[in-house]
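Each chain is listed here by its residues.
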Amino acid sequence: MIRNALRDRVDSHVILLVGLLIFEIGVFSILEPATYPTRANFTSMTLQASEIGLLALGIVLTMIVSGIDLSIVATANVAGIIAATTMTAMDGPSSSATATAIIVGVVIALAWGAAAGALNGTLVVGARVSPILVTLGTLTLFTGIGTAATEGKVVFGIDAFTWLGDGKIAGLAVPFLLLVALAVLLSLRLARTRFGFEAYLVGENARAAWFSGISVRRRQFAMYVASGMLSAVAGLVVLGRTNAAQVDFGQSFVLLAVLVAVLGGLDPYGGRGSPLGALLAVAVLQAMSTGLNQVLVAHTGSNFFKNFAWGILLIVVLAISQRSRTPRNNRKHELRDKTPEPDSHNTDTSR
Amino acid sequence: MSAVLTVAEVSRSFGGVRALHNVSLAVEQGAVHCLVGENGSGKSTLTKIIAGVLSADAGTVAMAGHEPRSGVNPGLAIREGISVIYQDLALFPNLTVAENIAPCERTASLTPHWRWRSSAKRAAAAALEELGSAISPTTVVERLPTAERQLVAIARAMTRRPRMILMDEPTAALTHQEIDRLLALVRRLRDEHSMSFMFISHKLNEVLELADSVTVLRNGVVASEGPAADYTIERLSNDMTGRTISSARPTKAPTGREPRLTVTGLCVKGAVEDISFEAAEGEVIGIGGLLGSGRTELALSLCGLLKSSEGSVEIDGVALRPGHFQDAIKRGIAYVPEDRLTEGLFLDRSIRDNAAAAVASEHTSRLGALNRSALHATAEHWLGQLHVKTPDYNDAVNTLSGGNQQRVVLSKWLARRPRLLILNGPTVGVDVGSRHDIHETIRHLAKDGTTVIIASDDLPELLAVAHRVLVLSSGQLRHDILTGDLTVQALWEAISADSALS
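*Asks:* Provide a residue-level description of the packing of helix H8 (residues 174–192) of chain A against helix H11 (residues 216–242) of chain A, including the pertinent values.
*Replies:* Residues and elements named next belong to chain A. It is at 11 Å that the axes of H8 and H11 come closest, and there the two elements cross at 170 degrees. Looking at the two axes, H8 sits roughly antiparallel to H11. Contacts from Pro175, Leu178, Leu182, Leu186 and Leu190 of H8 reach H11 at Met223, Leu230, Val233 and Val237. When grouped by side-chain class, the residues that make up the contact of H8 with H11 number 9 nonpolar, no polar and no charged.

Given below as structure tokens:
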């Protein structure tokens, strides 16, 4: 049983991440006993990790079907802007008006996320453009929409909505609970349903999946829509935390979310990994980032080395995890290099 | 004659699994030596050790005039005069013919870098001309058909002026005519340049036609060796498998059954013209024809992978939507594609998941929840039926040999219990034993009432399983022959007869 678990690369990767997390918390608790192992610190870490985590979930879903969604941050910001504008416009003196404003704002923001994802999905699946190019394009498009709507200015939300950003349930930050709940739900959906089973097959080999009678396009499309909606949730969380939305918020989060996904055991070639892996990866990064920050600020007065150390962590984890999967990737490259036979048999995967 | 390559008592294990044990062989100067064996018999391991890509645990490989070696050193093997043409050819599909051929030429000369392009073109043209080929050096390789890519690979190998060329299953992807041309080229190089060849193939008739001497590997040991004249197809397959493989014939054709498949006036633009036929329950129909005869296109249009422009395909009296593969699947058609690696398998997934891939919908509740244990049970049932040999169904399917992989692909489809099974080259690159078992499975399915259509280049295969063979040429149905007492020779004549006209 243990042998089986260890042999499975995903599980060994999870063990690696859990080990790293415990190690980090241990080391930083010893180095900064006064500030690191405190309830306040943990709450603040979970809060900070939530936004990246939600965005990373979108990357995870699209990567499983060997795609990617780089438009996540732009989608999130526009969702925040839409929600803030709607809520401000509809808010009234009565609590029922406020409640309606919040509900309508959230629904419209989620609908925007779904529409943005559907656009990505349509272009990737229907027009068969490379996912990187499509979502880089829509990243620019969505940023443009947001800029046009706000003239680049900050849009403020309503106070009642800030509960989503800094509310607590049983001492835990609401965004963090939201992230964990969504990660668990998505993991279950992927592990326990036909949809999930087939989605992994699509990511592994879309052509073979199609030849097996699986609706490849539907699986891929659904992942982009889901990614858009998760981005919208992230946008709402940012709006709740800062009570403001802005078109150029968190630009660097895109690459960070991609890194979180890969660190969490996702394979950019598709067919591997799970949302829970990404959740762990976010925790590892956040624990490290906060810890380094505290240590460096306490001893050198600056956090200059933070990104440096962060980069090293990423490279180390990737190097360790890639070692166990090198043969697999080589094989994939071999297959990719093999050009298709030039005859009519060369039917397209997704036609 | 003297030996150009001597392999002496080579052994090699992989993590406790013995791939080669005390294997010795010698390739004579100016001779073709064929190495045959089932998938997993150690052919590839031996090839790699000879090429210096893999080390031997014991024993040595020696080229005449050089020190015996056993370690990893591909560069040394090349300098000693061994050129290996791997099955996938290892060409760069995005580069031109000249660019593919020239790197070797370049390493052999001191041409200044800035004159590389024109000198590369000249070198490539010269190398191709030597082979009697008219491929333009500026063509991008991915635009070439497989047979021409192979010539490019051979031309590249030739620029190194090798003493011996090792070819790993060079004919697997070629048609009859292309094979003939390749074999003629090998003979010419052998006779005119006194070059030696080591030739690995699954096609036993080819082996007998070409080889001067033969080594048969079975489970990593030499099962037999000797001059090719001492061998027959029966002896080769018996030595390879260690069991007697009879040349089986299909079971009796069913009579008085309802037609399952009715094809009326089917046309595919530019490929198939006005084809009509019926197939009854339990009938196995072969589709034969040269490449370009419309054989593959007919098979593809039957299951909606190719859109027909006219005519209809009916299953049990109900017409299929043309060009709609998913509809065909829902109606009980299964299509086993030709290229199992890219179209049939999920290489890194488990054997079990591969066999389960097409039946997830049958084990899903109305809410979408997947019943994994039931799904696994179904998959394992069919894997068992097809005798997929493996210690653990959790292993990735890429750990299996070609024959077993093909059984997995078949399991996947049989799990759907298809009413019409369409097979396209079901035993390409599959060893003799697996091939025999796959044929047995097809006969078995037919007996239980499944209709089977099998498009194949492999004439003995058509005769072994099909009740009737439809012979296509230029997209038209030329013959509809009962296989009863048909010989390979007669079938080949029927297939190639019209091609001269077209």
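*Asks:* Before we move on, could you go through helix H12 (residues 253–263) of chain A and cite the residues and values that matter?
*Replies:* Residue and element names in this part refer to chain A. Here H12 lies mainly inside the structure; 8 of its 11 residues are buried. Residues Phe253, Val254, Ala257, Val258, Val260, Ala261, Val262 and Leu263 constitute the buried set of H12. Gly265 lies just past H12 and shows a positive phi near 100 degrees.

*Asks:* Please set out the interface of chain A and chain B residue by residue, giving values where relevant.
*Replies:* Opposite the 35 residues of chain A that make contact, chain B presents 46 residues. In this assembly, chain A and chain B are joined by 1 salt bridge. Linking Glu343 of chain B and Arg207 of chain A is a salt bridge whose minimum nitrogen-to-oxygen distance equals 2.5 Å. Looking at the side of chain A that touches chain B, the elements with two or more residues in it are H8, helix H9 (194–204), helix H10 (206–211) and helix H15 (326–337) of chain A. For the side of chain A that touches chain B, the element with the highest residue contribution is H9 of chain A, accounting for 6 residues. Of the residues that constitute the side of chain A that touches chain B, the class distribution is 13 nonpolar, 9 polar and 13 charged.

*Asks:* Requested: an account of the pairing of strand E7 (residues 196–200) of chain B, with residues and values cited.
*Replies:* Residues and elements named next belong to chain B. Within E7, 5 of the 5 residues are buried, which leaves the element mostly enclosed by the surrounding structure. Covered by surrounding structure in E7 are Ser196, Met198 and Ile200 together with Phe197 and Phe199, the residues of both alternating faces. Both strand E3 (residues 32–37) and E7 contribute to a ladder of 4 bridges, which runs parallel. Within the sheet, the bridge partner assigned to His33 lies in E7 and is Met198. Note that strand E6 (residues 164–168) and E7 share 5 bridges and pair parallel. Residue pairing in the sheet places Ile165 in a bridge with Phe197 of E7.

The rules behind the values
Residues numbered from 1 in each chain as written. Chains lettered and ligands numbered in written order. Predicted model: local features only at pLDDT ≥ 70, side-chain atom pairs only at ≥ 80, totals over all residues. Heavy atoms only, no water. Axes fitted to C-alpha atoms, helices over the stretch in contact; angles between N-to-C directions. Helix = DSSP H or I, 4+ residues; strand = E, 2+ residues; numbered from the N terminus. Parallel < 35°, antiparallel > 145°, perpendicular 65-115°, else oblique. Contact = heavy atoms within 4.5 Å. Nonpolar A, V, L, I, M, F, W, Y, C, P; charged D, E, K, R; others polar. Buried < 20%, exposed > 50% of the residue type's maximum accessible area, 1.4 Å probe, protein only. Salt bridge = Lys/Arg side-chain N within 4 Å of Asp/Glu carboxyl O. Pairing = 2+ DSSP bridges.

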